[in-house]
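Each chain is listed here by its residues.
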Amino acid sequence: SQTIHQWPATLVQPVGSPLSLECTVEGTSNPNLYWYRQAAGRGLQLLFYSVGIGQISSEVPQNLSASRPQDRQFILSSKKLLLSDSGFYLCAWSVRGGVNYGYTFGSGTRLTVV
Amino acid sequence: AQSVSQHNHHVILSEAASLELGCNYSYGGTVNLFWYVQYPGQHLQLLLKYFSGDPLVKGIKGFEAEFIKSKFSFNLRKPSVQWSDTAEYFCAVRGVDKIIFGKGTRLHILP
């Protein structure tokens, strides 16, 4: 069966420090991969998605970047964190070409920038 | 571009009350619609989805949603809520290679 792993679960980082959040999927090939940020009262904001290795689509201009170095690995990064980067980050995957079936979400990373 | 609007940000009901959470969408292509739920401390999970066919969709835990094309709506309903339905509910619409979510509705059920 397919599983999605996201780590770390919680992270406290100082302003100006770098960030790397990792997401991996097991049990499937060629998934679509997604990074969302969830903020209270603002729902789920799509940050990046990827339909293949090295293919990244950015939805909103921001201080973050994403990379997909392997088929089932999706990384969210920042060179210098801002206070406004605090939030709950969710990774998700869907079957390639089957986004109409919905996503499966990871357990999320709570990032606090201090 | 696709978008989703959820009418209520916070809903408080007593147990056994009926529930209807509003959702309106805009999307020019083939419509696929979803409701996701996030129980306290748990993952986001799919509650139900609409692809085509019968506009009344039944999901888990007694929830259902009705797709009304003329109103661009996909409202979530449950005839009698339970305390365990306390959660945040997200309506979503499928776009090209992605899903767009609404801002969510926090549902609080009083025992």
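The rules we used
Residues numbered from 1 in each chain as written. Chains lettered and ligands numbered in written order. Predicted model: local features only at pLDDT ≥ 70, side-chain atom pairs only at ≥ 80, totals over all residues. Heavy atoms only, no water. Helix = DSSP H or I, 4+ residues; strand = E, 2+ residues; numbered from the N terminus. Rg over C-alpha atoms; globule rule 2.2 N^0.38 Å. Buried < 20%, exposed > 50% of the residue type's maximum accessible area, 1.4 Å probe, protein only. Areas by Shrake-Rupley, 256 points an atom, 1.4 Å probe, with all protein chains shown as cover. Lys, Arg positive; Asp, Glu negative; His and termini not counted. Charge placed at Lys NZ, Arg CZ, Asp CG, Glu CD. Disulfide = S-S within 2.5 Å. 1 Å grid on protein atoms, 1.4 Å probe; cavity = no way out; pocket = protein on both sides within 12 Å on 5 of 7 lines; lining within 4 Å. Points joined across faces, edges and corners; volume = space filled by probe spheres on them. Nonpolar A, V, L, I, M, F, W, Y, C, P; charged D, E, K, R; others polar. Contact = heavy atoms within 4.5 Å. Buried area = accessible area lost by both parts, 1.4 Å probe. Salt bridge = Lys/Arg side-chain N within 4 Å of Asp/Glu carboxyl O. Polar contact = N/O pair within 3.5 Å; in protein donor to acceptor, adjacent residues only side chain to side chain.

What follows is about the overall build of chain B. Helix and strand counts for chain B stand at 0 helices and 12 strands. In summary, chain B has a C-alpha radius of gyration of 13 Å against a globular reference of 13 Å for 111 residues, a match within 12%. Judged by the C-alpha coordinates and their principal axes, chain B covers about 40 × 25 × 20 Å. Each of the 111 residues in chain B was classed as buried or not, and the buried ones make up 49%. On chain B, roughly 5,400 Å² of surface is accessible, and the fraction owed to carbon and sulfur atoms is 53%. Counting 11 positive and 8 negative side-chain charges, chain B places the centres of these two groups 6 Å from one another.

A count of helices and strands for chain A gives 0 helices and 11 strands. Written out in order from the N terminus, the α and β elements of chain A read β-β-β-β-β-β-β-β-β-β-β. A globule of 114 residues ought to have a C-alpha radius of gyration of about 13 Å, and chain A, at 13 Å, matches this closely. For the C-alpha atoms alone, the extent of chain A along its principal axes is close to 40 × 30 × 25 Å.

Another aspect to go through is the state of the cysteines. Residue and element names in this part refer to chain A. Tallied over the full model, the rule gives 2 disulfides over all chains. There is a disulfide in this structure between Cys23 and Cys91, and the S-S distance comes to 1.9 Å. The sign of the S-S torsion, about -75°, decides the handedness of the disulfide formed by Cys23 and Cys91: left-handed. With a gap of 68 residues between them, Cys23 in strand β3 (residues 19-26) and Cys91 in strand β9 (residues 87-94) connect regions that are remote in the sequence.

A separate point is the layout of surface pockets. Remark: the empty space left among the atoms is shown by a probe the size of a water molecule rolled over them. Counted as a void, the largest pocket has a volume near 410 Å³. Along its surface, the largest pocket is lined by 24 residues, and Gln38 of chain A together with Gln38, Gly41, Glu88 and Arg106 of chain B are the ones closest to its centre. Contributing elements (two or more residues each) for the lining of the largest pocket: β4 (32-39) and β9 of chain A together with β10 (87-94) and β12 (105-110) of chain B. When the residues that make up the lining of the largest pocket are grouped by side-chain class, the tally is 10 nonpolar, 11 polar and 3 charged. Estimates place the volume of the second largest pocket at around 310 Å³. What lines the second largest pocket is a set of 17 residues, among which Arg37, Arg42, Leu44, Gln45 and Leu46 of chain A lie closest to the centre. Those elements that provide at least two residues to the lining of the second largest pocket are β4 and β5 (43-52) of chain A together with β11 (99-101) of chain B. Here the lining of the second largest pocket gets 4 residues from one element, more than from any other, and that element is β5 of chain A. Split by residue class, the lining of the second largest pocket holds 8 nonpolar, 5 polar and 4 charged.

The subject of this paragraph is the interface of chain A and chain B. Listed per partner, the contact involves 23 residues of chain A and 21 residues of chain B. Buried area between chain A and chain B, summed over both chains or domains, comes out near 1,700 Å², and the portion from carbon and sulfur atoms is 58%. Applying the counting criterion to the chain A and chain B interface returns 1 salt bridge. Our count for the chain A to chain B interface comes out at 7 residue pairs in polar contact (both at pLDDT 80 or more). Elements that contribute at least two residues to the side of chain A that touches chain B include exactly β4, β5 and β9 of chain A. Of the residues forming the side of chain A that touches chain B, the biggest block, 5 residues, is contributed by β5 of chain A. Of the residues assigned to the side of chain A that touches chain B, the class counts are 13 nonpolar, 8 polar and 2 charged.

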